[in-house]
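# Analysis of the macromolecular model
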Amino acid sequence: MSVFPTHPHRSQPTAAVVDLPPDLRQSAIDHAEAAQMRVVTEPQPGCAVVLTGLTGLANLSSAAGSASLASPDAPVIVLTSTAPRAADWRRALDAGAASLRILPGESADLLADLAGASRRPGRGAIITVVPGSGGAGATSLAARLAGAAARTGRPVTLVDADPSGPGMEHVIGAAHVPGAHWPDFADADAAAGSAIRSALPQIDGIHLLTGPVPAAATVGRILTALTSVDGFVVVDAGLGIAAEIAPLSREVLMVVHARDLAVRSAVRRAEQLREATPSMGIAVRRHGDVGVRDVRADLDLPVAMSFRDSRPGVQPVVDVRRGGADAACAAFWSSWEARS
């Protein structure tokens with residue numbers, strides 16, 4: 001039995017699904033749950049977002065006694081299954097709606113809207129690192145990125161969410177450090193972020209979550225919990241899990257080895273993630289036969305960083321270098337505020 005507290009719904013972001021026809025209502029619920037949000041049937045204090053239709057928008061406006069529903073605490077997203085008329089757009093804008101989404105065509109946009117609404121200012125930000133191909137070095141880069149974040153003085157949690165990976169604790173030499181692991185959090189929920197982080201093993205200022213990686217739904221629930229406390233969450237994610245947690249991520253970094261076959265693989269993998277990812281960039285390992293500009297052009301994604309490989313035997317987090325990936329990761333965090 002888990003020793004970590006479970007307080008259902010206490011701090012989980014809430015989505016109110018109001019006045020929608022049955023087909024759109026179910027779709028709205030599915031999207032909200034995919035974004036790790038709790039669903040209620042009417043707006044409540046502290047609600048993160050309201051999902052409604054054009055009819056519901058009019059009813060909400062009338063109930064509020066105002067033509068405008070604009071609120072930084074509870075943005076209103078209007079959903080429709082048919083192309084809206086110009087008058088519909090004007091009505092939504094006049095009522096202060098944050099956006100109007102046509103389903104199912106704009107499903108990815110709605111997921112991005114919900115991910116943004118569920119983030120609390122000043123709280124944790126998830127950066128998910130994924131491999132563009134086998135052997136891309138995503139685990140190593142995730143570790144260096146977490147190490148660079150820790151050196152800025154901000155709390156950081158490094159999460160191993162790659163079931164097929166070598167195990168982050170072995171990569172950074174922390175297998176001996178005592179603390180809780182994935183199986184210990186089977187019953188923890190989105191209200192337990194502080195308890196989860198404080199129970200994790202630490203190495204060089206990094207909280208480390210490793211062990212047998214659970215199902216994607218559990219990973220998403222624990223990541224949501226970790227974003228309820230200040231700091232960064234760096235996730236080393238397998239491709240399958242990355243597709244599930246991408247909507248929760250502030251940024252997804254795909255590590256691409258600058259070799260022809262690796263770039264071709266990365267193009268295919270990027271297409272699988274692109275629709276589910278609010279913000280995606282590439283980290284280019286410049287040890288290959290393809291230039292950084294060509295990698296960027298082939299993937300049609302911005303370059304978040306590029307670097308040359310470290311010498312063999314250099315251990316992430318433990319061995320910090322002035323150049324290479326360590327310098328690239330430090331520059332990434334230096335420009336974080338501008339990008340955010």
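Predicted model, so just to flag it, every value in this text is computed and none were measured.

Moving on to helix H8 (residues 216–226). When you tally the buried positions in H8, you get eight out of eleven residues, the bulk of the element. The complete set of buried residues in H8 reads Thr218, Val219, Gly220, Ile222, Leu223, Thr224, Ala225 and Leu226. Turning to H8, the residues buried within the fold contact strand E6 (125–131), strand E7 (156–161), helix H7 (193–199), strand E9 (206–209), strand E10 (232–237) and helix H9 (239–245).

It is worth spelling out the nonpolar core at this point. Counting 41 residues, the largest nonpolar core has Val159, Val235, Met254, Val295 and Leu299 as its most contacted members. Take this core: its biggest share by element is five residues, from H8. Apart from the residues within four sequence positions on either side, Val159 is in contact with Trp182, Leu209, Leu223, Leu226, Val233, Val234, Val235 and Asp236. Ile127, Ala283, Phe307 and Phe332 belong to the second-largest nonpolar core, a separate cluster that totals 37 residues.

This part is about the packing of helix H10 (residues 260–274) against helix H11 (residues 292–299). A pair of packed helices is captured by two measures, namely the crossing angle of their axes and the spacing between those axes. Across the interface, H10 lies against H11 with an axial gap of 9 Å and an inter-helix angle of 40 degrees. By the angle class used here, H10 and H11 are oblique. Along this stretch, H10 crosses H11, giving a crossing that reads as right-handed. Together, Val263, Ala266, Val267, Ala270 and Arg274 of H10 and Val295, Asp298 and Leu299 of H11 make up the contact between the two elements. Its residues assigned to classes, the contact of H10 with H11 shows six nonpolar, no polar and two charged.

Okay, the environment of Asp289 next. Structurally, Asp289 is set in the loop between strand E12 (280–285) and H11. A residue is classified by how much of its surface remains accessible, and Asp289, at 59% relative accessible area, is exposed. Filtering out sequence-adjacent residues up to four positions away, Asp289 remains in contact with Ala258, Arg259 and Asp260. For Asp289, the side chain forms a polar contact with the main-chain nitrogen of Asp260, separated by 3.3 Å.

Before going further, it helps to examine the packing of aromatic side chains. The full count for this structure, using the stated rule, is five aromatic pairs. On the basis of an interplanar angle of 35 degrees and a centroid distance of 4.3 Å, the ring pair of Phe232 and Trp333 is categorised as tilted. You can see Phe232 sitting in strand E10 and its partner Trp333 sitting in helix H12 (residues 324–334), a full 101 residues away along the chain. For the pair formed by Phe232 and Trp333, the shared burial category is buried. Considering the side-chain rings of Phe232 and Trp336, the 5.5 Å spacing of their centres and the 85 degrees angle between planes classify their relative orientation as edge-to-face. Of the two residues, Phe232 is situated in strand E10 and Trp336 in helix H13 (residues 336–339); the sequence distance between them amounts to 104 residues.

Reading the values: the criteria
- The numbering scheme is per chain: residues are counted from 1 as the chain's sequence reads.
- Per-residue local features are limited, in this predicted model, to residues with pLDDT of at least 70; the limit for side-chain atom pairs, both in listing and counting, is 80 or more; totals at the level of whole chains, interfaces and linings are taken over all residues.
- Just so you know, side-chain values use all the structure's heavy atoms and leave hydrogens and water out.
- Here's how the labels work: a residue is buried when its accessible area is under 20% of the maximum for its type, exposed when over 50%, partly exposed in between, all with a 1.4 Å probe on protein chains only.
- Helix numbers and strand numbers start at the N terminus; a helix is a DSSP run of H or I with at least 4 residues, a strand a run of E with at least 2.
- The contact definition used throughout considers only heavy atoms, calling two residues in contact when any of these lie within 4.5 Å.
- Among the buried residues, those of types Ala, Val, Leu, Ile, Met, Phe, Trp, Tyr and Cys that are joined through side-chain atoms within 4.5 Å form a nonpolar core.
- To get an axis, fit a line to the C-alpha atoms, keeping to the stretch in contact for a helix; angles then go from 0 to 180 degrees between the N-to-C directions.
- Angle categories are assigned with fixed cut-offs, so that under 35 degrees is roughly parallel, over 145 is roughly antiparallel, 65 to 115 is roughly perpendicular, and the rest are oblique.
- Crossing handedness is defined as follows: a turn of the near helix away from the far one that is anticlockwise and smaller than a right angle gives a left-handed crossing, while the clockwise case is right-handed.
- Residue polarity follows a fixed list, in which Ala, Val, Leu, Ile, Met, Phe, Trp, Tyr, Cys and Pro are nonpolar, Asp, Glu, Lys and Arg are charged, and the others, Gly among them, are polar.
- Counting of polar contacts relies on pairs of N or O atoms within 3.5 Å, with two restrictions inside protein: one atom must be capable of donating a hydrogen and the other of accepting it, and residues adjacent in sequence are counted only when both atoms are side-chain atoms.
- For Phe, Tyr and Trp, rings pair up if their centres lie within 6.5 Å, where Trp contributes its six-membered ring, and each pair is then called stacked (planes under 30 degrees apart), edge-to-face (over 60) or tilted (otherwise).

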